[in-house]
Amino acid sequence: EVKLVESGGGLVQPGGSLKLSCATSGFTFSDYYMYWVRQTPEKRLEWVAYISNGGGSTYYPDTVKGRFTISRDNAKNTLYLQMSRLKSEDTAMYYCARLQSTMIFDYWGQGTTLTVSS
Amino acid sequence: ENVLTQSPAIMAASLGQKVTMTCSASSSVSSSYLHWYQQKSGASPKPLIHRTSNLASGVPARFSGSGSGTSYSLTISSVEAEDDATYYCQQWSGYPFITFGAGTKLELK
């Protein structure tokens, strides 16, 4: 059974940092491109980080570029998102998601909530 | 960025009613890369339809999808209580560019 389990969310002050983790199981993690996708309080979905299966390629939208860093440990089957210089607009539910070859996210974690507030 | 516009934002339906929601793209999308998700309250999004018209595993046959180019739609032939959810379309246009529509919230009358 494929599982993705996020952790690490919480309440952070503006300008602070936090690292999210996504532990995976039930599939060959190193075969898949992975994303972090967030859902805002208004329920909009937006991708915030992409990493290739080997970890050699990463991308970010302009909204988080230079502040967020995605990484993965294929030996530990775990995906990470290091977030720094956090802003109130980063408040969201953060999901890790597996990208299938048809470019659909076929599995999502349960999400972890980040709240940025003073 | 290829913007996806979903309409209506909210729709109300009675049990047994046929409903259709749309997803319009600002630029043409390959039908191979236009997908739909269902998200129920408190849950993660779940794949519903992939590649415009292919039902994901376990999805009832009352759901169907169609479209091409910049215009896509999701139809539920006979709404059931369990369909109370928000539906999102998503497109891919080359790594890493993925965009989602803002969603259509289906409410049961």
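Heads up: these notes are all about the structure in this document. Note that residues are indexed from 1 along each chain, following the sequence as it is written. Chain letters and ligand numbers both follow the written order, the letters beginning at A and the numbers at 1. In keeping with the model being predicted, local features are shown solely for residues with a pLDDT of at least 70 and side-chain atom pairs are shown and tallied solely at 80 or more, while totals for entire chains, interfaces and linings include all residues. No hydrogens and no water enter the side-chain calculation; it runs on all heavy atoms of the structure.

Remarks on the overall build of chain B
Right, so step 1: Per the convention used, a helix needs a DSSP run of H or I reaching at least four residues, while a strand needs a run of E reaching at least two, with both numbered from the N terminus. Across its full length, chain B carries zero helices and eleven strands.
Right, so step 2: With the C-alpha coordinates of chain B rotated into their principal frame, the extents come out at 40 × 25 × 25 Å.
Right, so step 3: Note on exposure labels: buried denotes an accessible area under 20% of the residue type's maximum, exposed denotes more than 50%, and partly exposed covers the range between, all computed with a 1.4 Å probe on protein chains only. Considering chain B as a whole, with its 109 residues, one finds that 48% of them fall into the buried category.
Right, so step 4: Only heavy atoms matter for contacts: two residues are in contact if any of them lie within 4.5 Å across the pair. Relative to all contacts within chain B whose residues are 6 or more apart in sequence, the contacts with residues 24 or more apart total 54%.
Right, so step 5: Methods summary: accessible areas were calculated by the Shrake-Rupley approach with a probe of 1.4 Å, and residue burial reflects only the protein chains presented. Carbon together with sulfur atoms contributes 48% to the accessible area of chain B, which is approximately 4,800 Å² in total.
Right, so step 6: His is not counted, nor are the chain ends, whereas Lys and Arg count as positive and Asp and Glu as negative. Positions of charges follow a simple convention, taking NZ of Lys, CZ of Arg, CG of Asp or CD of Glu. Measuring between centres, the 7 positive side-chain charges of chain B sit 5 Å from its 6 negative side-chain charges.

Thoughts on the packing of aromatic side chains
Residue and element names in this part refer to chain A.
Right, so step 1: Stacked, tilted and edge-to-face pairs are distinguished by plane angle, under 30 degrees for stacked and over 60 for edge-to-face with tilted covering the rest, among Phe, Tyr and Trp rings (Trp via its six-membered ring) whose centres lie within 6.5 Å. Summed over the entire model, instances satisfying the criterion amount to 15 aromatic pairs over all chains.
Right, so step 2: Aromatic pair Phe-27 and Phe-29: ring centres 6.3 Å apart, planes at 65 degrees, arrangement edge-to-face.
Right, so step 3: Taking the centre distance of 5.6 Å and the plane angle of 85 degrees together, the rings of Tyr-33 and Tyr-50 count as edge-to-face. With Tyr-33 in the loop between β3 (18-25) and β4 (34-39) and Tyr-50 in strand β5 (residues 45-51), the pair connects residues that are 17 residues apart, well separated along the chain.
Right, so step 4: A relative accessible area of 4% means that Tyr-50 is categorised as buried.
Right, so step 5: Sitting over the ring of Phe-29, Arg-72 keeps its end group 4.1 Å from the ring centre. Both a distance and an angle decide whether a charge sits over a ring: NZ of Lys or CZ of Arg must be within 6 Å of the ring centre and within 35 degrees of the ring normal.

Some points on the interface of chain B and chain A
Frequently, the measure chosen for interface size is the accessible area that the parts lose on association.
Right, so step 1: Taken together, the contacts link 21 residues of chain B with 21 residues of chain A.
Right, so step 2: Accessible surface is computed with a 1.4 Å probe, and the buried area is the amount of it that two parts give up when combined, taken over both parts together. Contact between chain B and chain A buries roughly 1,800 Å² in total, counting both sides, with carbon and sulfur atoms accounting for 68%.
Right, so step 3: Looking at the side of chain B facing chain A, the largest losses of area belong to B:Tyr95, B:Pro96 and B:Phe100, adding up to 32% of the total buried there.
Right, so step 4: Every case where a carboxyl oxygen of Asp or Glu lies within 4 Å of a side-chain nitrogen of Lys or Arg is listed as a salt bridge. In this structure, the connection of chain B to chain A is made through zero salt bridges.
Right, so step 5: Polar contact is the term for a pair of N or O atoms within 3.5 Å; when the atoms are in protein, one must be able to donate a hydrogen and the other to accept it, and sequence-neighboring residues count only if both atoms are side-chain atoms. Across the contact surface, chain B and chain A share ten residue pairs in polar contact (both at pLDDT 80 or more).
Right, so step 6: Looking at the side of chain B that touches chain A, the elements with two or more residues in it are β4 (34-39), β5 (46-50), β9 (85-92) and β10 (98-100) of chain B.
Right, so step 7: Residue classes in the side of chain B that touches chain A are distributed as 14 nonpolar, six polar and one charged. Charged means Asp, Glu, Lys or Arg here, nonpolar means Ala, Val, Leu, Ile, Met, Phe, Trp, Tyr, Cys or Pro, and polar covers whatever is left, Gly included.

What about the environment of A:Glu6?
All names here are of chain A.
Right, so step 1: The residue Glu-6 is located in strand β1 (residues 3-7) in this model.
Right, so step 2: Placed 100 residues apart in sequence, Glu-6 and Asp-106 show a C-alpha to C-alpha distance of 16 Å.
Right, so step 3: One polar contact links the side chain of Glu-6 to the main-chain amide nitrogen of Gln-110, over a distance of 2.9 Å.
Right, so step 4: Looking at Glu-6, its side chain comes within polar contact range of the main-chain nitrogen of Gly-111, at 2.8 Å.

Describing the state of the cysteines
What we call a disulfide is simply a covalent bond connecting the sulfur atoms of a pair of cysteines.
Right, so step 1: Pairs of cysteine sulfur atoms within 2.5 Å are identified as disulfides in what follows. Inspection of every chain in the model, using the stated rule, returns two disulfides over all chains.
Right, so step 2: A disulfide bridge connects A:Cys22 with A:Cys96, and the sulfur atoms are separated by 2.0 Å. One quick way to see it: the torsion about the S-S bond of A:Cys22 and A:Cys96 is about 55 degrees, and its sign makes the bridge right-handed. Of the two residues, A:Cys22 sits in strand β3 while A:Cys96 sits in strand β9 (residues 92-99), which places them 74 residues apart along the sequence. Summarising the burial analysis for this pair, A:Cys22 and A:Cys96 share the class buried.
Right, so step 3: Across the disulfide from B:Cys23 sits B:Cys89; the S-S distance is 2.1 Å.

Thoughts on the layout of surface pockets
Summary: where empty space remains is shown by rolling a probe the size of a single water molecule over the atoms.
Right, so step 1: By volume, the largest pocket amounts to about 580 Å³.
Right, so step 2: Cavity: a set of points on a 1 Å grid over the protein atoms alone where a 1.4 Å probe fits but cannot get out. Pocket: an open set with protein on both sides within 12 Å along at least five of seven lines, its lining residues, like those of a cavity, having an atom within 4 Å of a point. Forming the boundary of the largest pocket are 27 residues, of which A:Glu46, A:Trp47, B:Glu1, B:Ile98 and B:Thr99 lie nearest the centre.
Right, so step 3: When residues of the lining of the largest pocket are traced back to their parent elements, those giving at least two are β5 of chain A together with β1 (4-7) and β10 of chain B.
Right, so step 4: Residue composition of the lining of the largest pocket, by class: twelve nonpolar, ten polar and five charged.
Right, so step 5: Grid points are joined across faces, edges and corners, and a volume is the space filled by probe spheres set on the points. Approximately 420 Å³ is the volume attributed to the second largest pocket.
Right, so step 6: The wall of the second largest pocket is formed by 22 residues, among which A:Gln39, A:Lys43, B:Gln39, B:Thr86 and B:Tyr88 lie closest to the centre.
Right, so step 7: Among the elements of the structure, β9 of chain A together with β9 and β11 (104-108) of chain B are those that each provide at least two residues to the lining of the second largest pocket.
Right, so step 8: Among the elements that take part in the lining of the second largest pocket, β9(B) stands out by supplying three residues, more than any other.
Right, so step 9: When the residues that make up the lining of the second largest pocket are grouped by side-chain class, the tally is nine nonpolar, eight polar and five charged.

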